[in-house]
There are 2 protein chains.
Amino acid sequence: MPEKVNYYMCLHQEGIASIPRLIDKAYSNNYNVVATSINANMLPMDPFETDPTYPATVLGAVEWNSKVIFVLSDVDVDSPNAKLREYSKTLLLRDVTWAEHLQNVGSVMVKLRGPNNNQLAEIMKTKSKGHWFVQVPITNPELATFEHRKDATEEEVMRAEEDDTWHWWNNLRFAVDHYPKVKVVIVLNDSDRPNSETVRRWLGEPIEAIVIPSSLFVRNRTNYCVLHREWQEIIGHFISVRANIIISANPSDNALSQYSDYMKKLINDHCDTHELNSYENMLEIPLQPLSENLDSYTYEVFEADPVKYKLYQDAVQQALLDRVADTDAAKGKVTVVMLLGGGRGPLARAIFNAAELSERKVRLYIIEKNSSAIRTLSNMVKTLWPNKDVHIFSKDMRDFSPPELADILVSELLGSFGDNELSPECLDGALKLLKPDGLSIPYKSTSYINPIMSAILHQNVCQQVPSVSAFNYGYVSLLKNIYHIDEPQALFEFCHPNREEIVDNTRNAKLEFKAIKDCVVHGVGGYFDTHLYKDITLSINPLTHTPGMFSWFPMFFPTQPKTVKKDDVITIEFWRCVDKQQVWYEWKVNDWEHHNVKGIGYNMKL
Amino acid sequence: MPEKVNYYMCLHQEGIASIPRLIDKAYSNNYNVVATSINANMLPMDPFETDPTYPATVLGAVEWNSKVIFVLSDVDVDSPNAKLREYSKTLLLRDVTWAEHLQNVGSVMVKLRGPNNNQLAEIMKTKSKGHWFVQVPITNPELATFEHRKDATEEEVMRAEEDDTWHWWNNLRFAVDHYPKVKVVIVLNDSDRPNSETVRRWLGEPIEAIVIPSSLFVRNRTNYCVLHREWQEIIGHFISVRANIIISANPSDNALSQYSDYMKKLINDHCDTHELNSYENMLEIPLQPLSENLDSYTYEVFEADPVKYKLYQDAVQQALLDRVADTDAAKGKVTVVMLLGGGRGPLARAIFNAAELSERKVRLYIIEKNSSAIRTLSNMVKTLWPNKDVHIFSKDMRDFSPPELADILVSELLGSFGDNELSPECLDGALKLLKPDGLSIPYKSTSYINPIMSAILHQNVCQQVPSVSAFNYGYVSLLKNIYHIDEPQALFEFCHPNREEIVDNTRNAKLEFKAIKDCVVHGVGGYFDTHLYKDITLSINPLTHTPGMFSWFPMFFPTQPKTVKKDDVITIEFWRCVDKQQVWYEWKVNDWEHHNVKGIGYNMKL
């Protein structure tokens, strides 16, 4: 069921005198969370007191959990200096103990200082409560310093450019073994603006929030704090993947409410508020409408698609006009249309509309194997279409013996990957229903794939039960937190009617992609498009997606995560395999694991 | 976190013309759910139509799921007549298919007709979506008929009395293997009122709702529909275990809103709206404060207990008065009090209050091993008690070397089962802190047990991961849907200070209970009471529970479910075992399984 998207707006300040007062200040300026050092010193310092912090009782447990992000001490637990390393570890562990005491589900934030974070990773893995928010500068802070340094050599600049902060995070992510409680907080920086590909790559990471330093704001002509258009766009990308906002400001800053108001406007502009947002990044096992009957809820969701049935109607209308000349129409020529899989009637309605608009007579046979859908269809015939030439058959189309042959077969048997609901097998089985010169709507479908990075999808796959076979499944998923490593390419194609002597619906293909940037491959995105009639198409390929159509989410075929380098070639091989009982896909990226061998995971029952 | 309790009020009517209209009528009379036959015939019947029901589209999927309970055809799938049995099965399966089509999370209701329901159980196990509500008459309907039949022999009456409808349900429950989606709906009957033990036993079952026929209502002097006091009490019992209400009435009934208004009042009177109701029937792994530090949230919950600390204060006050005569007090005699486990200070506060009220001087040593709690305590000393004679030690009491010996040890180390947080071991370890004539508050604790029936607790145990070892755990649980098969009896006792030569904290005892009625044993309830000082006690034994005290929920030690007969003796044996690393309980009911052998499940680390 759809849920409202809730962002939090966090005020980060250091050197504050009282956490409760910081919360009051934040709330009165329209923030609902605060971030501050866990060691805020809120008492007059006793010189003999070794540990002069505030007591747990300044806030209640619910407030500690819901209103405070603790910034841990900025110490270097991975220092090459053993003494400093041990000292840092003691401090950090003390902070973690105190944080776990105050919060049983809260969050701590820690800053990455460079590419080596193995000790930090070990500490992270021991903390069992709440989340770790890992602050990563969006670009290497060293780069910014070169602007002011005339003496930097070209080599130094190059090295700093290569010391990409994404790698700091990537090393940590592997060191904590993709632990889902570790999330990224991207820190923006007013001295360096990242390019768009750098931003896009972060969208495939488990982004918790972005830190916006108040120095990023400028005053406009009316003296209001605003952001440059370029920053608006960058931040908009993060908002679109549900990143929360942390404003970092000095305690003396008096424009706090201007920042939060401005950010709320920006969230409104960039937040994607479609009805299905609760499905984002969720993994669903694909439907198998051939072996399992759909329920009323599923029909209702599909019927609500505002675009799909109109395009079907256009296709049928055009086909009727092309097939029956006006003179024949005037003589009352009847076109026999067979609807294969009538569901609760939306396509039948589209066909009747098309007949009316084209002024062509149709006789409609509706074949439907779901006896529950038949109940609703029968009622529709009786109440909505009492005078139409319509006939319902409660049958599997593969076993149906028609009273006459069809001019046009109409079906909507396509899944998110095109053929994955066994449309080829069903339509081949229905070929006997069609006149020799008859046609099928749709007449072609094509699947598409590309390599994608998505830490969240990977985590969700790992959380499937049992996790062992989870990597042998293809999932339907509303892809949200992803990075397209390269553009989708066409994989398999099926045409209908297929009148070949020997019909072979097995397929095999190998496609090559290229990484635009260093990144991690987490799996393969799957999409399709289909031609209904002539150039009337439906598509969920991201490059050509039919606007406004939501009947299909993409597919995701997982792999084990592997880091690839910029310009690396990524080879993806896919197989569509068929035996007497079932159809299944196998897939393999580069020379990595061969997934779903013999259909041991995801397979479609015939 | 606490949640509001939501009951639904359902209107059950048969022979209705339209489900949407029934919903409208129900809503306008303050019901929010309807129950009606799934085969409601809402269309003019076509003589050639074999299946003349309503289409799925008369309601949306959300409404089908949330507003309608489908009453399945009242057919006998367990009939001895093979033909009738097969016919009934076909009808019922058709109903189930239609229900699953309309509802992907909804509920169907079916009526039990007698003790044999194996075929029905098989059908239930095949349905994967939503719940089964099983209607069971609260007493055998045959009994009621004897009132009007003069010819019934004594033997007939006895047989009917023995044919207890609880057994109808109990047979089914075992046949569906305790499937948690199968719930009981108790049907009340105006011709026979159940006795209180019959009602109480149902409270241990997974009660979904009760059906109240409108005929149960009578008109009062002001012509309002009300229930007899006896029925109010019976229904009140069901409301107290969160049973929902189904009013069954004729379509022509025009007092519908009177019934629902009356029932809402009754719910208000009997619904137990404490803050902790979201914990009801939940299983929690007991805390281990000795091996794991408590967090601030846990301290906060315990500190909020309105009764416990007042009783501690009374106990300390009385002890101070008894120990120090007025004349000695006048001379400024100091009583040394050691608080073993200071937490965030509530007992220290109680001790200072006691000192003030008794006008006795105390020197307080607070020993606390949780370094995070010490932070808060240190702050309290500085800000709240700057002029008190108080000293904090960040230590395990077993390793503490005191600057002087104590007159009084005060501790709150007891768990739900008394000694299960290792109070005996801790207090034995602290004996060296106490003067030879010193005393301990508390000075005695006793555990109690009894056999209980609770289908919901059993289901919750089965859902623990991994379920294999779940039956070797003792759980802390706010027992709600339970039936006390017999009253609790004392099990183990510990006294402090324990100055015996050889201290032995192992225990073994075997207690005998007797079943008041036929029922199922699902496990053993565990409780404790403790004597703080003289006759000042705390108790969670249901027979003597300290009013208003919520710091401890009872314990539940599961067994595999077994049916026992009225007057059967139920023997429960418990062991408290100790080795160098840990303490654990083992338990065994009758000659059934021996649980938690060698502490492989629940054990307390020393």
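Residues numbered from 1 in each chain as written. Chains lettered and ligands numbered in written order. Predicted model: local features only at pLDDT ≥ 70, side-chain atom pairs only at ≥ 80, totals over all residues. Heavy atoms only, no water.

Where an unreviewed UniProt entry is consulted, chain A appears under the name Protein arginine N-methyltransferase, with the organism given as Drosophila willistoni. Per UniProt, the comment on chain A under Sequence similarities (unreviewed entry) is "Belongs to the class I-like SAM-binding methyltransferase superfamily." (UniProt positions renumbered as here; feature names shortened; annotations may be inferred.)

Engineer: Describe in detail empty space enclosed by the protein, supporting the description with residues and values.
Structural biologist: All names here are of chain B. Taken as a whole and judged by the stated rule, the model has 3 cavities of 30 Å³ or more. Each pocket or cavity is described by its volume, and for the largest cavity that value is around 50 Å³. Surrounding the largest cavity, Trp-169, Arg-173, Val-176, His-178, Tyr-179, Val-182, Pro-206, Ala-455, His-458 and Gln-459 form its lining. When residues of the lining of the largest cavity are traced back to their parent elements, those giving at least two are helix 7 (165-175) and helix 17 (455-462). Of all the elements, helix 17 adds the most residues to the lining of the largest cavity, at 3 residues. (1 Å grid on protein atoms, 1.4 Å probe; cavity = no way out; pocket = protein on both sides within 12 Å on 5 of 7 lines; lining within 4 Å. Points joined across faces, edges and corners; volume = space filled by probe spheres on them. Helix = DSSP H or I, 4+ residues; strand = E, 2+ residues; numbered from the N terminus.)

Engineer: Let's hear about the relation of the copies chain B and chain A: which residues, and what values?
Structural biologist: Least-squares fitting of chain B to chain A yields an RMSD of 0.1 Å, with the transformation described by 0.0 Å of translation along the axis and a rotation of 180°. Classification of the inter-copy transformation places it as that of a two-fold axis. Rotation axis and chain B: the residue whose C-alpha lies nearest the axis is B:Val465, separated from it by 6.1 Å. Comparing interface residues between copies, 100% of those in chain B also lie at the interface in chain A; the contact surface is shared. (Least-squares fit on C-alpha atoms with pLDDT ≥ 70 in both. Contact = heavy atoms within 4.5 Å.)

Engineer: Which residues make up the domain arrangement of chain A, and what are the values?
Structural biologist: Residues and elements named next belong to chain A. Each assigned domain of chain A is listed here: domain 1 (9-273), domain 2 (296-412) and domain 3 (444-605). Tallying the contact residues gives 14 residues for domain 2 and 13 residues for domain 3. Here domain 2 packs against domain 3, burying approximately 1100 Å² in sum over the two surfaces, 72% of which is carbon and sulfur. Of all residues in domain 2, Asp-305, Lys-308 and Leu-311 give up the largest surface area on contact with domain 3, accounting jointly for 34% of the area buried on that side. Taken together, the links from domain 2 to domain 3 amount to 1 salt bridge. With a closest N to O distance of 2.6 Å, Asp-322 and Lys-534 form a salt bridge. Where domain 2 packs against domain 3, one counts 4 residue pairs in polar contact (both at pLDDT 80 or more). Looking at the side of domain 2 that touches domain 3, the elements with two or more residues in it are helix 11 (296-303) and helix 12 (308-323). Sorting elements by how many residues they give to the side of domain 2 that touches domain 3 places helix 12 first, with 8 residues. Looking at side-chain class alone, the side of domain 2 that touches domain 3 contains 9 nonpolar, 1 polar and 4 charged residues. (Domains from an automatic or database assignment. Buried area = accessible area lost by both parts, 1.4 Å probe. Salt bridge = Lys/Arg side-chain N within 4 Å of Asp/Glu carboxyl O. Polar contact = N/O pair within 3.5 Å; in protein donor to acceptor, adjacent residues only side chain to side chain. Nonpolar A, V, L, I, M, F, W, Y, C, P; charged D, E, K, R; others polar.)

Engineer: Help me get a handle on the sheet that holds strand 7 (residues 207-213) of chain A, residues and values and all.
Structural biologist: All names here are of chain A. The parallel closed barrel is built from 8 strands, whose spatial order is 1-2-3-4-5-6-7-10. The sheet shows a mean angle of 25° between the axes of neighbouring strands, taken without regard to direction. Here strand 1 (residues 9-12) pairs with strand 2 (residues 33-37) via 3 bridges, running parallel. Bridge pairing in strand 2 places Cys-10 opposite Val-33. Contacts between helix 9 (residues 229-240) and the sheet are confined to strand 6 (182-187), strand 7 and strand 10 (244-248), with strand 7 contributing the most and set at about 155° to the helix. (Pairing = 2+ DSSP bridges. Axes fitted to C-alpha atoms, helices over the stretch in contact; angles between N-to-C directions.)

Engineer: Hey, could you go over the interface of chain B and chain A for me, with residue numbers and the actual values?
Structural biologist: Each side of the interface is counted separately: chain B has 36 residues, and chain A has 36 residues. Summing the contributions of chain B and of chain A, the shared interface buries around 3100 Å²; its carbon and sulfur component is 52%. Linking chain B with chain A are 2 salt bridges, by the criterion used here. Note that B:Asp295 and A:Lys129 form a salt bridge whose closest N and O atoms lie 3.1 Å from each other.

Engineer: Can you lay out the UniProt feature "domain: PRMT5 arginine-N-methyltransferase" (unreviewed entry) in chain A for me, pointing to particular residues and giving the numbers?
Structural biologist: UniProt records the feature "domain: PRMT5 arginine-N-methyltransferase" (unreviewed entry) for residues 276-441 of chain A in the present numbering. In residues 276-441 of chain A, helix accounts for 37% and strand for 20%; the two terminal C-alpha atoms are 28 Å from one another.

Engineer: Now, about the pairing of strand 7 of chain A: what can you tell me, with residues and values included?
Structural biologist: All names here are of chain A. When you tally the buried positions in strand 7, you get 7 out of 7 residues, the bulk of the element. Of the strand pairs in this sheet, strand 6 and strand 7 are connected by 4 bridges, and their pairing is parallel. By the bridge assignment for strand 7, Ile-186 is matched with Ile-210. Pairing of strand 7 with strand 10 involves 5 bridges; the strand directions are parallel. The residue bridging Ile-212 from the neighbouring strand is Ile-247, located in strand 10. (Buried < 20%, exposed > 50% of the residue type's maximum accessible area, 1.4 Å probe, protein only.)

Engineer: With reference to specific residues and values, describe the UniProt feature "active site" (unreviewed entry) in chain A.
Structural biologist: All names here are of chain A. Per the UniProt annotation, the sites labelled "active site" (unreviewed entry) are Glu-412 and Glu-421. A residue is classified by how much of its surface remains accessible, and Glu-412, at 22% relative accessible area, is partly exposed. For Glu-412, the residues in contact, after removing those within four places along its chain, are Lys-308, Tyr-309, Tyr-312, Leu-340, Pro-346 and Leu-347. One polar contact links Glu-412 to Lys-308, side chain to side chain, over a distance of 2.6 Å. With respect to the helices, strands and loops of the structure, Glu-421 is situated in the loop between strand 14 (406-411) and helix 16 (423-429). Relative accessible area serves as the criterion here: at 18%, Glu-421 is assigned to the buried category. Not counting residues up to four positions away in its chain, the partners in contact with Glu-421 are Leu-287, Pro-289, Leu-413, Leu-414 and Gly-415.

Engineer: Before we move on, can you summarise the packing of aromatic side chains with the specific residues and values?
Structural biologist: All names here are of chain B. In total, this model carries 42 aromatic pairs over all chains according to the counting rule given. With centroids separated by 4.8 Å and ring planes inclined at 50°, the aromatic side chains of Phe-393 and Phe-400 adopt a geometry described as tilted. By relative accessible area, Phe-393 is classed as partly exposed at 24%. Given the relative accessible area of 1%, Phe-400 is considered buried. Ring geometry for Phe-557 versus Tyr-585: centroids 6.1 Å apart, planes at 80°, classification edge-to-face. Here Phe-557, found in strand 23 (residues 555-564), pairs with Tyr-585, found in strand 25 (residues 582-589); they are 28 residues apart in sequence, far enough to count as distant. Since its relative accessible area comes to 0%, Phe-557 is described here as buried. (Phe/Tyr/Trp six-rings, centres within 6.5 Å; stacked < 30°, edge-to-face > 60°.)

Engineer: Describe the sheet that holds strand 2 (residues 33-37) of chain B, listing the residues and the values that go with them.
Structural biologist: All names here are of chain B. What the 8 strands build is a closed barrel, ordered 1-2-3-4-5-6-7-10; its pairing is parallel. For this sheet the average axis-to-axis angle between neighbouring strands, irrespective of direction, equals 25°. Across 5 bridges, the pairing between strand 4 (residues 107-111) and strand 5 (residues 131-137) is parallel. When the sheet's bridge partners are listed, Lys-111 is paired in strand 5 with Gln-135. Sheet strands touched by helix 4 (residues 118-126): strand 4, strand 5 and strand 6 (182-187). Its angle to strand 5, the strand with the most contacts, is close to 155°.

Engineer: Kindly report on the environment of B:Leu11, identifying the contributing residues and their values.
Structural biologist: Residue and element names in this part refer to chain B. The topology assignment puts Leu-11 in strand 1 (residues 9-12). With relative accessibility at 0%, the residue Leu-11 sits in the buried group. Distance in space between the C-alpha atoms of Leu-11 and Val-58 is 19 Å, their sequence separation being 47 residues. Once residues within four sequence positions are removed from consideration, Leu-11 is found in contact with Leu-22, Ala-26, Tyr-31, Val-33, Val-34, Ala-35, Ile-247 and Leu-256.

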